[in-house]
Amino acid sequence: IFILSLTISCKRGGEEKEFVVGISHSSVNDSWRKAMMLDMQVKASDYPGMTLEMKDANEDNDTQIKQIRELVKKKVDLIIISANESGPVTTAAVEAYRAGIPTIIIDRKIYSEEYTTFIGADNYEIGRAAGLFTNSLLKNGKTTIVEIWGREGSSSALDRHNGFSDALIHNDNIILKTVYGRWHRDEAKVNIAALGSFEDIDIVYAHNDVMALAAREAIMEVNPQAAERIKFIGIDALPGKGKGIEAVRDGYLTASFVYPTGGSTAIKVAWQILNGVPVSKQYALTSALIDKDNAGTIYLQTEQLADYQEQIEKQRNNLDKMFSEYRFLQNSVGLILLLLGVV
Ligand code: FRU
């Protein structure tokens, strides 16, 4: 009986390896980054041995560099980095890799090959797709396009610009104006409003949906007719209320391009690396055009998915609760048998 009770109480535990994954986010203050974080957390719940340690650099390069160095010093098992600005953050990311910590670079690139894996969609291709879509909207005469930039030092903004302008090259009928929004609603709004007149604008291409919608709002306040006429194009196409897909469905945006967060892939790949499974140097995520033809259907599908996800989470919580009750009972049995043995 004594041996039996010992085997019962020792059966669990010890078989799951424990890992700490450090995550260096450029920021977590916008919807896209919140979605990325959620994707990571949901996926990480598949791996009970994995703990995530999140750092938020609040869009500051120096803070991000400091936080990456802290994670290295703490000797986390793996680091995931989404660089605020690619240039300045590169050194710290390379330091982590050279310290022997596997590094996953996600979304925004670093300017070095010294990392374990890159995960993200091709921003140059997304910019080019936006440019090709824009080409289909050009008028016969001159067309004026306003491009609203994300943060200029972020590789995603630069690539989205390069792809876009390459698709429009050699077209003398295009007048391209530049506005800076650094990814933010308020900055984009103020700088668009500063243009003063909107009569000449035909198309607004913004590096994310937040800024495209901010531009529409700014113009709507001054010149509603212009706001109705101008075609707004964004990037991200997030599901959910008030986000990109809904905005396309409702006609506020003419198009948006899906920019997958890669959060779930990053956690899966992290788990593989930590368990010695060979991984690729790059995981290219795919984008897709959302326009008036598919926005309605896709919106419904994403709502349904979110609903399933919620149900899965609920069931997972129930299972956890049941499992801990079961463990309690199992231990009690062990204890009772032990006492019986003693008696
Ligand atoms: C958020 C965000 C997204 C964008 C991505 C690009 O900071 O601006 O809206 O698509 O970063 O890196």
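All of the points below concern the structure found in this document.

## Details of the pattern of salt bridges
Move 1: Under the counting rule described, the total for this entry stands at 28 salt bridges.
Move 2: Among the ionic pairs, arginine 128 bridges to glutamate 125, the shortest N-O distance being 3.6 Å. Placement of both arginine 128 and glutamate 125 in helix α5 (residues 123-135) is noted, with a separation of three residues, approximately one turn of the helix.
Move 3: With a relative accessible area of 31%, arginine 128 lands in the partly exposed category.

## Description of the side chain of lysine 189
Move 1: By secondary structure assignment, the location of lysine 189 is in helix α7 (residues 185-193).
Move 2: In contact with lysine 189, not counting residues within four places along its chain, are Ala214, Glu217, Ala218 and Glu221.

## Quick look at the side chain of threonine 90
Move 1: Among the secondary structure elements, threonine 90 is positioned in helix α4 (residues 86-98).
Move 2: Ignoring sequence-local partners within four residues, the contact set of threonine 90 consists of Ile110, Tyr111 and Ser112.

## Some details on the site of the ligand
Move 1: Inspection of the region around the ligand gives Asp30, Trp32, Arg33, Asp107, Arg108, Ser156, Arg160, Trp183, Asn208, Asp236 and Tyr259 as its neighbouring residues.
Move 2: Contact distances for the ligand include 2.8 Å between an oxygen atom and a side-chain N or O atom of serine 156.
Move 3: With the chains in place, 98% of the 310 Å² that the ligand exposes on its own is no longer accessible.
Move 4: If you list the elements that add at least two residues to the shell around the ligand, you get α2 (31-44) and α6 (155-168).

## So, unusual backbone geometry
Move 1: One non-glycine residue, aspartate 107, lies in positive phi territory at about 65 degrees.
Move 2: Of note, aspartate 107 is situated in the loop between β4 (103-106) and β5 (117-121).
Move 3: Look at aspartate 107 and you get buried, because its relative accessible area is 3%.
Move 4: Within the chain, arginine 182 stands out as a residue other than glycine whose phi angle is a positive 50 degrees.
Move 5: Turning to its location among the elements, arginine 182 is positioned in the loop between β7 (174-180) and α7.
Move 6: You can call arginine 182 partly exposed: its relative accessible area is 32%.

## Some points on helix α3 (residues 61-73)
Each α-helix turn comprises 3.6 residues. Residues three or four places apart therefore point the same way.
Move 1: Between its terminal C-alpha atoms α3 stretches 18 Å, which fits the 18 Å expected from 13 residues at 1.5 Å a residue.
Move 2: Of all the residues in α3, the buried ones are Asn61, Gln64, Ile65, Gln67, Ile68 and Leu71. Down the axis of α3, the smallest arc covering the buried residues is 165 degrees, so these residues share one side. Exposed and oriented more than 90 degrees from the buried face of α3 are Asp62, Lys66 and Lys73.
Move 3: On its buried side, α3 packs onto β1 (19-25), β2 (50-56), β3 (78-81) and α4.

Quick notes on the rules
Residues numbered from 1 in each chain as written. Predicted model: local features only at pLDDT ≥ 70, side-chain atom pairs only at ≥ 80, totals over all residues. Heavy atoms only, no water. Salt bridge = Lys/Arg side-chain N within 4 Å of Asp/Glu carboxyl O. Helix = DSSP H or I, 4+ residues; strand = E, 2+ residues; numbered from the N terminus. Buried < 20%, exposed > 50% of the residue type's maximum accessible area, 1.4 Å probe, protein only. Contact = heavy atoms within 4.5 Å. Near = heavy atom within 4 Å. Polar contact = N/O pair within 3.5 Å; in protein donor to acceptor, adjacent residues only side chain to side chain. Areas by Shrake-Rupley, 256 points an atom, 1.4 Å probe, with all protein chains shown as cover. Expected span 1.5 Å × (residues − 1). Arc of directions from axis to C-beta.

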